[in-house]
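Listed below, chain by chain, are the residues.
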Amino acid sequence: MREGIPSYLAQLIIAQYGEETAERIAQGFECRRKTTLRANRIKNDAAGVLSALEAAGIAAQRVSWSEDAFILENAHEDAVTPLSIYENGEIYMQSLSSMIPPIVLDPKAEENILDMAAAPGGKTTQIAALTGNRAQITACERHAARAERMKYNLQKQGATRVSVMNIDARQLDDMFRFDRVLLDAPCSGSGTLQLREGSRARFTKEYLDKTVKTQEALLVKALSLLRPGCEMVYSTCSILERENEEIVRRAMKKTGAQLVPIEAQAFPGVPLLPVTLPGTMCVCPDETYEGFFVAKLRRVR
Ligand code: SAM
């Protein structure tokens, strides 16, 4: 396919999408992706962030589907990190695609929400911001160092109603029940390749087989922790059906959960890939977006 794309990944992409779409994906992997960020409305609003960026000579474009998202036109992260809006946690450096799952989750104030694989906390802090810091969030993370990093980010962003649990989410107590769950699952990262930045996805059959098992176990667990009738979001930064639609299909079969179709019109301008499970959403990597998959599910019984 292209130099730098692991051959096993290239084979999977071509088999899944065909040559033409695989070429489009490869072009996305070759782009230098634009820097994007989210205004943290716990600490500042979009207008305040925009004027701080402008004052620093940074031009930023708004995004039609999110009041809080910005695409930088003439700068990258290194121009933003010295600014006080970054230092004070008034912004969070976040890819546009990764802002989609919390919006699809549609969290509400006073709800009891589980972010099941949460570090470094980009989506946890976004959920906190979307609910005006008024949801009770449990942020679970298996790796101790990443959980510590998340605590730092939560504090910096002013997300005050978050309890961090440093535990394998598969071991969460079955007595817990949540109003909403976000499972932003550990994945191969196949959507995030940036060949110019020298990024490499880990791609062997063995690695993928192991990852897929963890994803399915986490999704079945997530559904068991939801209150019946409530909804959750499953997301990955992979574009592979094996980590996405196949996991969702198997978890629905095991648990009886229903798919809640995502309205793609709510995200105008987002480049999409074909999906094999209608109602789910797969973002195509390009110069603005990284590859990402999002599905919404409802626990029925
Ligand atoms: N949601 C995060 C964000 O937006 O900042 C990114 C999450 S990243 C895709 C997946 C995270 O899951 C990693 O931090 C990884 O260490 C963690 N993880 C992997 N296996 C886990 C498990 N079994 N239980 C809990 N966390 C796990």
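Residues numbered from 1 in each chain as written. Predicted model: local features only at pLDDT ≥ 70, side-chain atom pairs only at ≥ 80, totals over all residues. Heavy atoms only, no water.

(A) Focus on helix 5 (residues 96-105). Of all 10 residues in helix 5, 9 are buried; the element is thus mostly enclosed. Within the sequence span of helix 5, burial applies to Leu-96, Ser-97, Ser-98, Met-99, Ile-100, Pro-101, Pro-102, Val-104 and Leu-105. Phi turns positive, to about 55 degrees, at Asp-106, one or two residues after helix 5. (Buried < 20%, exposed > 50% of the residue type's maximum accessible area, 1.4 Å probe, protein only. Helix = DSSP H or I, 4+ residues; strand = E, 2+ residues; numbered from the N terminus.)

(B) Local environment of the site of the ligand. The environment of the ligand is made up of 20 residues, and the closest members are Lys-123, Glu-141, Arg-146, Ala-169 and Asp-184. Measuring from a nitrogen atom of the ligand, one finds a backbone N or O atom of Arg-142 at 3.2 Å. Protein chains bury 89% of the 600 Å² of accessible surface belonging to the ligand in isolation. The class makeup of the residues in the shell around the ligand is 10 nonpolar, 3 polar and 7 charged. (Near = heavy atom within 4 Å. Polar contact = N/O pair within 3.5 Å; in protein donor to acceptor, adjacent residues only side chain to side chain. Areas by Shrake-Rupley, 256 points an atom, 1.4 Å probe, with all protein chains shown as cover. Nonpolar A, V, L, I, M, F, W, Y, C, P; charged D, E, K, R; others polar.)

(C) Focus on the packing of helix 8 (residues 205-225) against helix 9 (residues 245-255). The interhelical angle for the contact between helix 8 and helix 9, taken along N-to-C directions, is 45 degrees, at an axis separation of 9 Å. Considering their axes alone, helix 8 and helix 9 lie oblique with respect to each other. Here the hand of the crossing between helix 8 and helix 9 comes out right-handed. Each of Val-212, Gln-215, Glu-216, Leu-219, Val-220 and Leu-223 in helix 8 lies in contact with helix 9, whose residues at this interface are Ile-247, Val-248, Arg-250, Ala-251, Lys-254 and Thr-255. Along the lines of polarity and charge, the residues of the contact of helix 8 with helix 9 split into 7 nonpolar, 2 polar and 3 charged. (Axes fitted to C-alpha atoms, helices over the stretch in contact; angles between N-to-C directions. Parallel < 35°, antiparallel > 145°, perpendicular 65-115°, else oblique. Left-handed = near helix turned anticlockwise from the far one by under 90°. Contact = heavy atoms within 4.5 Å.)

By themselves, these observations are geometric and do not establish any function.
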